[in-house]
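Analysis of the macromolecular model
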Amino acid sequence: MINEIIQKFYEIDIWLAIIVFFTYIAMDALYCLYTIAITKRNKVQAANFGCMMYLLVGVGTISYVDNYWYLLPVAMGAWLGNYYSMGLIAWYENRKPEV
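These numbers come from a predicted model, not from an experiment.

Parameters and conventions
Residues numbered from 1 in each chain as written. Predicted model: local features only at pLDDT ≥ 70, side-chain atom pairs only at ≥ 80, totals over all residues. Heavy atoms only, no water. Helix = DSSP H or I, 4+ residues; strand = E, 2+ residues; numbered from the N terminus. Rg over C-alpha atoms; globule rule 2.2 N^0.38 Å. Buried < 20%, exposed > 50% of the residue type's maximum accessible area, 1.4 Å probe, protein only. Contact = heavy atoms within 4.5 Å. 1 Å grid on protein atoms, 1.4 Å probe; cavity = no way out; pocket = protein on both sides within 12 Å on 5 of 7 lines; lining within 4 Å. Points joined across faces, edges and corners; volume = space filled by probe spheres on them. Phe/Tyr/Trp six-rings, centres within 6.5 Å; stacked < 30°, edge-to-face > 60°. Core = buried A, V, L, I, M, F, W, Y, C linked by side-chain atoms within 4.5 Å. Expected span 1.5 Å × (residues − 1).

1. Remarks on the overall build of the protein chain
Along its length, the protein chain carries 4 helices and 0 strands. Its helices and strands in sequence order give the protein chain the pattern α-α-α-α, from N to C terminus. Against the globule reference of 13 Å for 99 residues, the protein chain gives a C-alpha radius of gyration of 17 Å, more extended than a compact globule. Taking all 99 residues of the protein chain together, the buried fraction comes to 25%. If you take every contact in the protein chain between residues at least 6 apart in sequence, the share linking residues at least 24 apart comes to 76%.

Following this line, the structure appears as structure tokens:
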């Protein structure tokens, strides 16, 4: 069992891990935008963001079904996506209008 887990670690394709990482950064950014669209009751935006999110989730799911080590870039990308999205949203909402 442990040998299989270690073997799977060495089977990781670094480029696929990088793609999964950035995919989940984008996915969580879209999730933040999706949540905002839902709270504002904007049906078209919410539907568009939801569609894009599920397309991106498919990339990650297909990746880690075969090798669970790909969950690490998924988790890191999700964390960074949320962290930076919330920072950008806070910046956008707090900026002062130009006079």
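From this point, the discussion proceeds with the structure in view.
2. Things to note about the layout of surface pockets
Approximately 210 Å³ is the volume attributed to the largest pocket. In terms of lining, the largest pocket is formed by Leu33, Ile36, Ala37, Lys40, Gln45, Phe49, Leu88, Ile89, Tyr92 and Glu93. Taken together, the elements giving at least two residues each to the lining of the largest pocket come down to helix H2 (14-39), helix H3 (43-66) and helix H4 (71-94). The element that contributes the greatest number of residues to the lining of the largest pocket is H4, accounting for 4 residues.

3. Some thoughts on the packing of aromatic side chains
Tallying each qualifying case throughout the model produces 6 aromatic pairs. Geometrically, the ring pair formed by Tyr31 and Tyr34 is tilted, given 6.1 Å between the ring centres and 35 degrees between the ring planes. In this pair, Tyr31 and Tyr34 both sit in helix H2, 3 residues apart, roughly one turn of the helix. Using a relative accessible area of 25% as the deciding quantity, one classes Tyr34 as partly exposed. Members of the aromatic cluster, connected to one another through ring pairs, are Phe9, Tyr10 and Trp69.

4. Some points on unusual backbone geometry
The phi dihedral of Arg41 is positive, around 60 degrees, even though this residue is not glycine. By the secondary structure assignment, Arg41 is in the loop between H2 and H3.

5. As for the environment of Met52
Among the secondary structure elements, Met52 is positioned in helix H3. In this structure, the C-alpha to C-alpha distance between Met52 and Thr39, residues 13 residues apart in sequence, is 18 Å.

6. Observations regarding the nonpolar core
Proteins that are soluble and globular tend to have nonpolar side chains buried together. Membership of the largest hydrophobic core is limited to 9 residues, which are Val20, Tyr24, Met27, Leu30, Ala37, Ala46, Phe49, Met53 and Val74. Secondary-structure elements contributing two or more residues to this core are H2 and H3. It is H2 that provides the largest number of residues to this core, a total of 5 residues. Leave out the neighbours within four places in its chain, and Ala46 touches Tyr34, Ala37 and Ile38.

7. Some details on H4
For H4, spanning 24 residues, the distance from its first C-alpha to its last is 34 Å, which sits close to the expected 34 Å at 1.5 Å a residue. Inspection of H4 places Pro73, Val74, Gly77, Ala78, Gly81, Ser85 and Ile89 among the buried residues, and these make up the whole buried set.

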